[in-house]
Structures are given as structure tokens and as C-alpha cells.
Amino acid sequence: MPTSLEEACQLLSSDPRNHVALGGCCWLRLGSRRIRKAVDLSRLGLDYIREEEGWLVLGASVPLRQMEIHPAVTGRFDGLLGRAVSSIVGVQFRNLATVGGSVYARFGFSDVITALLALDARVVFHRAGEMSLEAFLSSDGCPGDVLVEIRIPDDGRRAAYESVRRSSTDFPVLAVAVSRQGDDWRVSVGARPYAAQRSSEAEACLAQRRGAQAAGEAAAAQLRFGSNLRGSEEYRRRMAEVLVRRAAQQLEEEQG
Amino acid sequence: MKVTIILNGTPYTREVAGDLMLLDFVRSCGCLSVKRGCDTSNCGLCTVWVEGTPVLSCSYPAVRADGKRVTTLEGVQEEAEAFGACMAQQGAEQCGYCSPGFIMTVLAMARELTDPTEEEIAHYLAGNLCRCTGYVSQMRAIQAWLKERRREEQA
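Residues numbered from 1 in each chain as written. Chains lettered and ligands numbered in written order. Predicted model: local features only at pLDDT ≥ 70, side-chain atom pairs only at ≥ 80, totals over all residues. Heavy atoms only, no water.

All right, on to the overall build of chain A then. From N to C terminus, chain A includes 11 helices and 11 strands. Computed over its C-alpha atoms, the radius of gyration of chain A comes to 18 Å, within 12% of the 18 Å expected for a compact globule of 256 residues. Oriented by its inertia axes, the alpha-carbon framework of chain A measures out at about 50 × 45 × 30 Å. Taking all 256 residues of chain A together, the buried fraction comes to 55%. (Helix = DSSP H or I, 4+ residues; strand = E, 2+ residues; numbered from the N terminus. Rg over C-alpha atoms; globule rule 2.2 N^0.38 Å. Buried < 20%, exposed > 50% of the residue type's maximum accessible area, 1.4 Å probe, protein only.)

Let us look at the interface of chain A and chain B. Taken together, the contact between chain A and chain B spans 25 residues of the former and 26 residues of the latter. Carbon and sulfur atoms supply 55% of the area that chain A and chain B bury against each other, a total of about 1900 Å² over both sides. Three residues stand out in chain A for area buried against chain B, namely Arg29(A), Gln92(A) and Leu96(A), and they jointly supply 35% of the buried area on that side. Between the two partners, chain A and chain B, sit two salt bridges. For the salt bridge of Arg64(B) with Asp40(A), the shortest nitrogen-to-oxygen distance reads 2.8 Å. The interface formed by chain A and chain B contains eight residue pairs in polar contact (both at pLDDT 80 or more). Secondary structure elements with two or more residues in the side of chain A that touches chain B: α2 (64–69) and α5 (91–94) of chain A. (Contact = heavy atoms within 4.5 Å. Buried area = accessible area lost by both parts, 1.4 Å probe. Salt bridge = Lys/Arg side-chain N within 4 Å of Asp/Glu carboxyl O. Polar contact = N/O pair within 3.5 Å; in protein donor to acceptor, adjacent residues only side chain to side chain.)

All names here are of chain A. Among the structural elements, Leu119 can be located in the loop between α7 (111–117) and β5 (122–125). C-alpha of Leu119 to C-alpha of Tyr161: the two residues are 42 residues apart in sequence and 12 Å apart in space. Leaving out residues up to four positions away in the same chain, Leu119 has contacts with Phe77, Leu80, Leu81, Ile152, Pro153, Arg157 and Ser179.

Encoded structure:
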């Protein structure tokens, strides 16, 4: 149980293949990997939510449940982050699972990453420093490093979230987050089943006011989809078109 | 590691292994209401409160609870008795295996939400699975108990 970020990094980097950082510890027992050393990050004081000038800052140990109930989070982006996490298992689970754990693991099914990507979030690592979430997702990750916080531009962006699930608390078959500030749009599609990615084509459609339907079609055509036990590639592609259209329509109707 | 956990108001000091989960710790202290279900953070059977917050004890390392207050059903028996009566009246106890975790979540919900709607109740309880699939009778029991509580508060 390290009490400083440097100590945590030293412990983790001594053998990143066999050491695991403990965030919320959820699903740890679903895996079969042999863990030689577990480094508990819960004493690093990273469970803060700060409203800084132009930024909403989430410490990596903030539980997902706080996305649903903390006024600094629920009062921004049309409650996007709360809506994105509200179908994840149950309240007890979300009291444990952390935003940092969701981001660091880069799970393809992550509702959290899908939402954060649509908000242009940035991630701050103790050693690697600050980078965009998008850059982190396309990198080789940061083994042996500790994610300190997630910084979200507090730019008054409006946002909408849509997902389709086989049952209400299951992983999403597909997840979509769309945000808008004037004609500046972000379209993020997750659980394809690959990690969330933005669709520049869909964003261009919306910026040029070609409509939500065109944006849905553009996202479905541009992004790569795959099959797993929750859904086929074809189904996901169709759903991407529908969910992007629905999310974009919500924001078109609200802002005109 | 040596830890001291305040379990239902009583401090327990034990030497524990780093991979011991809170579920096993509280059961070793005699709190057998806490059940092992999926053991993988999905079913809600092992729900306890840590500092008043409902968590899954199967996925909570015991060392992390060092110095903290942990509450199990054994620690809220009086409050649980009134709700238990509503469960019995509505046939919501069924096989009873999931009841302790379910009751702990219901009591936590009552502290957190004021006059929850049926939709809000279902959402809050979504993490408590019942293999008897008696969610309708559970919902009736919760609503009857909340109504009773409101009546008592107003009296």
C-alpha cells in the first residue's frame, strides 16, 4: 500500500508483467492471471473532484458512483458521465470501480472511455505526464506508471449518450456519446467491440449541418466493427448508424 | 499485515494475508449473514457497508478496511426486522440466500434516496441478483416498507 505516487511507480515498474495496480478491484477475480504483487493505489489520495479554471478534474480513484451523484459532475455536459456509468452492474459495484481503472485498462466495452472521448478529456500520468485520452488509447499504454487524474475541458459542451445492451446491466453491445458546442461536434463510438474511437466523418457532417442521419451513416461507414458473443459486426454497424443519429438529434433539437 | 476493523461497532484486530477479501474476514468474525455468491463482483449477495457505503465484500481487500467501520446485517438487525416483516408479508424472502445482501442495499437506498420512485428503486437494486427471480414481490415489499416508514415519520 504505497502512500506516494513515486513509491507506487517504483513498485509497479520493478516487474510490470507480474505486478498489478489495484484500483476498485472489481472483476479482478474474473481473470486467471497469476499476480505476484498487487500494489494498492487507494492510499494515494486520488479520490478528488476539482473544479479548476476551465477544467473539471477527476482523480483516478474517484468511484464511478460519484459520476452519478456529485453535483460538479452531474451539473455538467447534460449529466453525460452519470448516464454513461448508470448501467454498469449495480450501485455497490460503482462504489468500488474507479474512473482511473476504467480508463487505464482501455476496455473495449468501456462506457466511461466512450463518454470521456466525446469530451476531449486528457489523462495525466505520474511519469509520462499529460496527454490526450485519444493519444493514450492509440499508444502502447503506460506500464509501470500510475494514472493520476483525468482533466475534462469545462467548456459548457452539451452532450448525449446512447447505448444498446442485451440486458440493462450488461456490457454494451454498442455505446455512443455525442457532444456539441455550437458547430463543434464530437462523436465517439465504443464497444465496437474495440475501444472507443471518434468518427471525424460524422463530426464533419454535423459541423456542415448535413443532419443526424448523414452523421450516423458516416460513422457506420468510417469505423471498424467486429463480432463477439454480444453482437455481430453487421449488427453493430447498423446500431452505430441508429445511435449516432439519435444522440445527434437530441442535441440538434436542444440547440436548433 | 495487522489490521483493525470496526465490525458492527466492535474492533477486531487480526493478522491477515494481502489477498484476503473482506467477505472472508467478516465471516471469520462470525458474521455469517454475508454470503458468497458469484465471487466476481456481479451478484450483490456479499453487500456490506464500509463507512456507510454499500460495497461488494468479495472484491474489497480486507487490508483496505483497516481502521474503517464495516456494517453487516448483524449490525442493523432492528432496522432490518421491520423490512423483514414486509418481505415475509409479500413473499419476497423466497429461498432467502440473497436476502442479507438485498436488505443491506435496501437500507442503504433508504438513507440515500428520498421517496424513490419504482424506477429509482429498480435502478438502485439492479446490482442484487435473485436466482428465484422474485423481483416483483421484492418491489412490493420495498414499497410497503417505505410507505410504513413515511407514515411513522409523519405520526
